[in-house]
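Residue-level structural notes
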Number of protein chains: 2
Amino acid sequence: MRASAPLSLDEFQTRLLDVSQNLPRRLKQCADFVARNPDRIAVSTVAELSAAAGVQPSAFMRFCKLMGFSGFSQMQRMFRDTHAQRWPDYGTRLENLRAGGADTPSALLAEFVDAGRVSLEKLTNTVTPAQLEGAVTVLAGARMIHVIGLRRVFPVAAYLAYAFEKMNIPALLHDHVGNLGQRHAILEGDVLLAITFAPYSEETVDLVSYARDRNVEVVALTDAMNSPLHQMGATTLIVSELDVGAFRALSATFSLALALAVAVGTQREG
Amino acid sequence: MRASAPLSLDEFQTRLLDVSQNLPRRLKQCADFVARNPDRIAVSTVAELSAAAGVQPSAFMRFCKLMGFSGFSQMQRMFRDTHAQRWPDYGTRLENLRAGGADTPSALLAEFVDAGRVSLEKLTNTVTPAQLEGAVTVLAGARMIHVIGLRRVFPVAAYLAYAFEKMNIPALLHDHVGNLGQRHAILEGDVLLAITFAPYSEETVDLVSYARDRNVEVVALTDAMNSPLHQMGATTLIVSELDVGAFRALSATFSLALALAVAVGTQREG
DNA sequence: TTATAAATAGAATAAATATTCCGTTATCGG
DNA sequence: CCGATAACGGAATATTTATTCTATTTATAA
C-alpha cells in the first residue's frame, strides 16, 4: 500500500495513468472501468461496481489499495467530496479562520473568491438552456419590464435596470425610494422580474402576488424550488449562492442576470 | 404512505411543492434542506443529511415516506439513477451551454460565467495582501465611510452600503437620488470609498477631488494604476473585469468589495 | 383547561455493505 | 518442466447504515 491517497480528481487521474500499464488482468479491468465510468463511483457500492467491471469485490478492493487508498470507502469519500462541493463547512470555515487567528483580509478575500467560483460552477447545473430560453421569451414579449429586488439582492435589480436602460428596453426599477409604492405602474402585458433569496423579502413576495392576481407574468431569480415565487407560478431560474459568514457573494446571480438581460435585448431586436 | 413514488427529478420537485405547505417543524426543515441541496442526496447517508438539516435521522425517514418513497434508500436510489445524466464536469457543462450557436441565451450565460471565473482568478494577482490590509486599516479608522459608485458600478456601492449597515458601521451611500448633493456630509476624519472603472464617471472623480481638498482619505476600487483616482493619491485596489460585449461582469469586484467590508467590520470589533 | 392526536428524539434492531482471510489457480524465471 | 511468487475467487466477518419502535413532548380541538 501507498502512504499518500489522491485528494482530488486530478491527482486521482494522474495516479491512474501512472499505474495503468503492466497490470494483471483483473486489476486492469478495474482501472479501465473506473477510467471510463468515474461518475458511478460516488453513487455505487463495491458490489455494483465490481459486477459492472466483471470482477470480484475483493479484486476491486485490491485496486483501491493500489491507487493509494486504505480501501473502497476512502476512495468513494474522495469522489463524493469533490462531487458535491461541501458547502456546509463553509460557514464554519470562516469561524475556524477567525478562531485560528488566520483572519487576515487576504484570507477573507480568498474565501469570497472561492465562494464565487463554486457558485458559478453550480450555476451551470441548476439552470438548463430550456429554462433560460423560456424566461427570455417571456421577458422579450413584455410591454414593459418591472424589476424588483430588495436588501441584499438590490444590487442585482439595480444592474438589471441599468442594463435594460442601456439597451433601450422599457424597464422600471421598483426601488421603494421614499417609500413610494410603484405597483400601480404594473399594467396588463407587462412582466415582473423578481429577485429574492431566503429569507424571502416580504415586499417582493407581495408584489409578485399582486402581479399574479392581475395575470401579469412573473420571471423569478431565486434560490430553491420551494421558494414562494415558484409556488406562485413564476417562471423560475434557480441560482444557489454560497454564504460566507453572514454575507453572500453574488457572482453567479450577476452572471445569470446579465446573460438574461443581454439575451432579452438580442431577442427583441431580432 | 403513498402508493406512487416519484420516478424523476421533475416528479420529485412537483411532489415537494405539493407537500411543502403546512408541514410540522422538523419535516419542513427536511423539505427546505432537500430543496436547497438536491445534489447531496445521492452521495450522503441519512445520518449526514439529517445532521445537516438539523433533524434526527428518524425525522428524515418520515420525510422520505411523506414524499411517497418506502424509505430513504428508495429515495436515494432515484437520485442516484438520475445522477448520471448530470455528471459531466464543469468544463463539459460549460461546453453544452455554449453549444447551439453564438447568441442563444445559454451561450451568453456561458460567456458570462467564464468571464466571471477569469476575473476572479485574476483578482488574486492584482491585489496584494499588503494593499488590502492598507485599505482595511484606513477604512477601519474612519469616523464614517462615504460610498460612491455610479452607473454600472452602482450595484457594488449599494451592496457595500448594505454590508456596512448590517455590521453597524456608520456609512453613507452617495446615490444622488433626486439630484441632491450629499458632499457636505463629508467631514474631517471620514473616509471616502470610491468605485469607478473606465470611462471614469465624472461625478465620482469630482467627489474624490473634493475629498482630497479637505484632507479626507480616499480608498479606491478601480481598474488600472493610471486611473485618475490613483493619481489623486487614493489608496488603490486594482480589479480588472472582463467585458462581454458592452457589459461587464462584476463578479470579482463584488468579491473584493465584500471581503473589504467584512475585514473592516472585523477589525473595528477587535 | 383537559382529552386526544400528532410529532419528535433517541435508542434498539435489522439490513446492507465493506473488508479480510485463505485455499486455489495462474504466471514467470530458471 | 518445476518451484516460487503473485493474483484470484468466494465465503466469513466486521462495520456501517437504514429502519423501526416506544416513551416523551408538543400541538389541537372540545
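All values derive from a computational prediction rather than experimental measurement. (Residues numbered from 1 in each chain as written. Chains lettered and ligands numbered in written order. Predicted model: local features only at pLDDT ≥ 70, side-chain atom pairs only at ≥ 80, totals over all residues.)

1. A look at the interface of chain A and chain B
Counting residues at the interface gives 58 residues for chain A, matched by 64 residues for chain B. When residues of the side of chain A that touches chain B are traced back to their parent elements, those giving at least two are α5 (72-83), α7 (105-126), α8 (129-140), α9 (154-166) and α12 (251-269) of chain A. Looking at the side of chain A that touches chain B residue by residue, the classes come out as 35 nonpolar, 13 polar and 10 charged. (Contact = placed C-beta atoms within 7 Å. Helix = DSSP H or I, 4+ residues; strand = E, 2+ residues; numbered from the N terminus. Nonpolar A, V, L, I, M, F, W, Y, C, P; charged D, E, K, R; others polar.)

2. Considering the domain arrangement of chain A
As far as domains go, chain A holds domain 1 (9-83) and domain 2 (124-269). Each of domain 1 of chain A and domain 2 of chain A has a C-alpha centre, and these two points are 45 Å apart. (Domains from an automatic or database assignment.)

3. Let's talk about the sheet that holds strand β1 (residues 145-148) of chain A
Hydrogen bonds along the backbone pair up the strands of a sheet, which may run parallel or antiparallel. Residue and element names in this part refer to chain A. Pairing within the open sheet is parallel, and its five strands lie in the order β2-β1-β3-β4-β5. Strands with a single pairing partner mark the edges of an open sheet, and in this sheet they are β2 (171-173) and β5 (235-238). Sheet twist, expressed as the average angle between the axes of neighbouring strands with direction ignored, equals 15 degrees. With four bridges connecting them, β1 and strand β3 (residues 191-195) associate as parallel partners. Within β3, the residue paired with Val147 across the bridge is Leu193. The strands touched by α9 are β1, β2 and β3; relative to β2, the strand with the most contacts, the crossing angle is about 155 degrees. (Pairing = 2+ DSSP bridges. Axes fitted to C-alpha atoms, helices over the stretch in contact; angles between N-to-C directions.)

4. What about the protein's contact with DNA strand D?
Near DNA strand D, the surroundings consist of 17 residues, among which Arg26 and Ser58 of chain A together with Thr45, Gly71 and Phe72 of chain B are the closest. Mapped onto the surface near DNA strand D, the elements with two or more residues apiece are α2 (25-36) and α4 (57-66) of chain A together with α3 (46-53), α4 (57-66) and α5 (72-83) of chain B. Grouping the amino acids of the surface near DNA strand D by side-chain chemistry returns nine nonpolar, six polar and two charged. (Near = placed C-beta within 6 Å.)

5. Some details on the packing of α7 of chain A against α12 of chain A
Residue and element names in this part refer to chain A. At a closest axis distance of 7 Å, the pairing of α7 and α12 adopts a crossing angle of 45 degrees. On the basis of the axis angle, α7 is oblique to α12. Taken together, the residues of α12 that come into contact with α7 (itself represented by Gly116, Ser119, Leu120, Lys122 and Leu123) are Ser251, Ala252, Ser255 and Leu256. Counted by class, the contact of α7 with α12 contains four nonpolar, four polar and one charged residues. (Parallel < 35°, antiparallel > 145°, perpendicular 65-115°, else oblique.)

6. Structural notes on the protein's contact with DNA strand C
Neighbouring DNA strand C are 17 residues, the closest being Thr45, Gly71 and Phe72 of chain A together with Arg26 and Ser58 of chain B. Sorting the residues of the surface near DNA strand C by element identifies α3 (46-53), α4 and α5 of chain A together with α2 (25-36) and α4 of chain B as the ones contributing at least two each. Here the surface near DNA strand C is built from residues that sort into nine nonpolar, six polar and two charged.

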